[in-house]
Amino acid sequence: MGERLKTIAVVAGYGLVGGALLAMFVLIPSVIRFVFSLIALWLGVRFFRSHESLGRRIGFIVAALAFFFLFVLFITMVMFIREGMPTAP
């Protein structure tokens, strides 16, 4: 049981970092955003090389996407609270 929890924690950790990197790629408008994309790609390749199980790979992708949506939603909500509703032109 301890090994399974360790595997879940590793997949969730990689998914958390991958989701955060993808969120930064989407939310930053400058050219530096491509650095986040390359780091996310490197992280995915590193994970796929070290974990050959199909279930772990699918779990990583699902976790990264879930954390991506959560990060984008959270940052959007914080920006909305700070700046308020944008007015129509």
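Overview of the structure. Here the residue numbers are simple positions, counted from 1 along each chain's written sequence. Local features are withheld for residues below a pLDDT of 70 in this predicted model, meaning they are given only at 70 or higher, and side-chain atom pairs are given and counted only at 80 or more; totals for whole chains, interfaces and linings count all residues. Side-chain descriptors were evaluated using all non-hydrogen atoms of the structure, hydrogens and water having been removed beforehand.

### Concerning the overall build of the protein chain
Helix and strand labels come from DSSP, where a helix needs a run of H or I of at least four residues and a strand needs a run of E of at least two; each type is numbered from the N terminus. Counting its regular elements, the protein chain contains 3 helices and 0 strands. In the protein chain, the order of α-helices and β-strands from amino to carboxyl end is α-α-α. Its C-alpha atoms give the protein chain a radius of gyration of 16 Å, clearly above 12 Å, the size a compact globule of 89 residues would have. Its C-alpha atoms put the protein chain at 55 × 30 × 15 Å along the principal axes. The 89 residues of the protein chain split such that 21% are buried. Nonlocal contacts in the protein chain, meaning residues at least 24 apart in sequence, comprise 61% of its contacts between residues at least 6 apart. Method for areas: the Shrake-Rupley scheme with a 1.4 Å probe, in which residue coverage is limited to the protein chains shown. Here the protein chain has roughly 6700 Å² of accessible surface; of this, 75% comes from carbon and sulfur atoms. The globule rule used for comparison is 2.2 Å times the number of residues to the exponent 0.38, while the radius of gyration itself is calculated over C-alpha atoms. Exposed residues in this analysis have more than 50% of their type's maximum accessible area, buried residues have under 20%, and partly exposed residues fall in between, with area computed by a 1.4 Å probe over protein chains only. Whether two residues are in contact is decided by their heavy atoms, any of which lying within 4.5 Å being enough.

### Some remarks on the nonpolar core
Counting 7 residues, the largest nonpolar core consists of Val11, Tyr14, Leu21, Ala40, Leu43, Phe47 and Phe60. Of all the elements in the fold, those that place two or more residues in this core are α1 (2-27) and α2 (33-50). Setting aside chain neighbours within four positions, we find Val11 in contact with Phe47, Arg56, Gly59, Phe60 and Ala63. Nonpolar cores were defined as sets of buried Ala, Val, Leu, Ile, Met, Phe, Trp, Tyr and Cys residues, with membership established by side-chain atoms within 4.5 Å.

### Thoughts on the packing of α1 against helix α3 (residues 54-83)
Axis angles are defined between N-to-C directions and span 0 to 180 degrees, where every axis is a line fitted to C-alpha atoms and, for a helix, only to the segment in contact. The N-to-C vectors of α1 and α3 enclose an angle of 45°; their axes lie 7 Å apart at closest approach. It follows from the interaxial angle that α1 and α3 lie oblique. Here α1 and α3 pass one another in a crossing that is right-handed. Residues Thr7, Val11, Ala12, Tyr14, Gly15, Leu16, Gly19, Ala20, Leu22, Ala23, Val26 and Leu27 of α1 form the contact with α3, whose own contacting residues are Arg56, Gly59, Phe60, Ala63, Ala64, Phe67, Phe68, Phe71, Val72 and Ile75. Classifying every residue of the contact of α1 with α3 gives 17 nonpolar, 4 polar and 1 charged. Just so you know how the angles are binned, under 35 degrees is roughly parallel, over 145 roughly antiparallel, 65 to 115 roughly perpendicular, and the rest oblique. For a crossing to be left-handed, the near helix must be turned anticlockwise from the far one by less than a right angle; the clockwise case is right-handed. Here the term charged refers only to Asp, Glu, Lys and Arg, the term nonpolar to Ala, Val, Leu, Ile, Met, Phe, Trp, Tyr, Cys and Pro, and the term polar to all other amino acids, Gly among them.

### Points about the packing of α1 against α2
Interaxial distance between α1 and α2 falls to 8 Å at its minimum, and their mutual angle equals 160°. Taken together, α1 and α2 sit at an angle that is classed as roughly antiparallel. By crossing handedness, the relation of α1 to α2 is classed as left-handed. Residues Val11, Tyr14, Val17, Gly18, Leu21, Leu22, Met24 and Phe25 of α1 pack against Arg33, Phe34, Phe36, Ser37, Ile39, Ala40, Leu43, Arg46 and Phe47 of α2.

### Considering the packing of aromatic side chains
When the centres of two rings from Phe, Tyr and Trp lie within 6.5 Å, Trp using its six-membered ring, the rings pair. Their planes under 30 degrees apart give stacked, over 60 give edge-to-face, and anything left gives tilted. Per the stated rule, a full pass over the model turns up 6 aromatic pairs. By way of ring pairs, the aromatic residues Tyr14, Phe47, Phe48 and Phe60 are connected into one cluster. Over the ring of Phe25 we find Arg33, and its NZ or CZ is 4.7 Å from the ring centre. Directly above the ring of Phe34 sits Arg33, whose terminal nitrogen or CZ lies 5.3 Å from the centroid. Note on criteria: charge over ring means Lys NZ or Arg CZ within 6 Å of the ring centre, with the direction from the centre no more than 35 degrees off the ring normal.

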